[in-house]
Amino acid sequence: MKPSNITEAAYLAAASYAKPITRTDVTEMIVMARIKRGLSWAKLARAVGESKEWTTAALLGQMQMTKQQATAAGKLLGLPADAVLLLQQVPYKGSLPTAVPTDPLIYRFYELVNVYGTTFKELIHEEFGDGIMSAIDFKMDLTREPDPKGDRVKIVMSGKYLQYKTY
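The structure contained in this document is the topic of the report that follows. Since the model is a prediction, treat every value here as computed from it, not as a measurement.

### What about the pairing of strand 1 (residues 131–145)?
Pairing geometry for strand 1 and strand 2 (residues 152–163), over 11 bridges, is antiparallel. Each residue of the ladder has a partner; that of Ile132, found in strand 2, is Leu162. Count of turn residues in the strand 1/strand 2 antiparallel hairpin: six residues, of which Gly150 carries a positive phi of about 130°.

### A short note on the environment of Ala47
Inspection of the secondary structure assignment puts Ala47 in helix 3 (residues 41–48). Taking the C-alpha atoms as reference, Ala47 lies 9.5 Å from Lys75; in sequence the two are 28 residues apart. Discounting chain neighbours no more than four positions away, the residues touching Ala47 are Ala72 and Leu76.

### Quick word on helix 2 (residues 23–37)
Compared with an ideal rise of 1.5 Å per residue, which puts 15 residues at 21 Å, helix 2 spans 21 Å between its outermost C-alpha atoms and is within 8% of the ideal. Arg23, Val26, Thr27, Ile30 and Ala33 are the residues of helix 2 that are buried. Seen end-on, helix 2 carries its buried residues on one side only, within an arc spanning 135°. Turned more than 90 degrees away from the buried face of helix 2, the exposed residues are Thr24, Glu28, Ile35 and Lys36. Those residues of helix 2 that are buried are in contact with helix 3, helix 4 (52–59), helix 5 (67–77) and helix 6 (81–87). At the exit of helix 2 stands Gly38, carrying a positive phi of roughly 65°.

### Focus: the environment of Arg23
Turning to its location among the elements, Arg23 is positioned in helix 2. Separated by 29 residues in the primary sequence, Arg23 and Lys52 place their C-alpha atoms 20 Å from one another. When near neighbours in sequence (up to four residues on either side) are disregarded, Arg23 contacts Ile30, Ala58, Leu59, Leu60, Gly61, Leu86 and Leu87. At 2.8 Å, the side chain of Arg23 and the side chain of Thr27 are in polar contact.

Cut-off values and rules
Residues numbered from 1 in each chain as written. Predicted model: local features only at pLDDT ≥ 70, side-chain atom pairs only at ≥ 80, totals over all residues. Heavy atoms only, no water. Pairing = 2+ DSSP bridges. Helix = DSSP H or I, 4+ residues; strand = E, 2+ residues; numbered from the N terminus. Contact = heavy atoms within 4.5 Å. Expected span 1.5 Å × (residues − 1). Buried < 20%, exposed > 50% of the residue type's maximum accessible area, 1.4 Å probe, protein only. Arc of directions from axis to C-beta. Polar contact = N/O pair within 3.5 Å; in protein donor to acceptor, adjacent residues only side chain to side chain.

The quantities given are spatial measurements derived from coordinates; they are silent on function.
This is the structure in structure tokens:
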């Protein structure tokens, strides 16, 4: 049975008011699904086929996934098709909610750069010359380091050196 023109028009009007899902919505879905399903970031990373660090960044909206990666994550998390599609889009990176982070853990990284940023810069320039460490061609490894005074967080970052060019 074909719907009447009035019913079809009402349906189209209602559909045009539906709010599309956003990448922020997808991140919130992922966080909740991960908690509800008892999934670790490491388990999600194994399903995706990348490191836990990269996979976590991707699922939190900072990296673009391939269709295969997004589908694997979506299946494990029970995400709708639109969410899986958004995981494959180029994200808006560096999207913290405030300029100065308010979360205590994230703020410590901000503080670390404020305190040691000039040291990083000087030592990298002394060792390599005038250039930067890439955050695009980049690897990171985060592990627990046992210590009798209390376990430590060990983060190893490796970024390709990129020399500034003259022209």
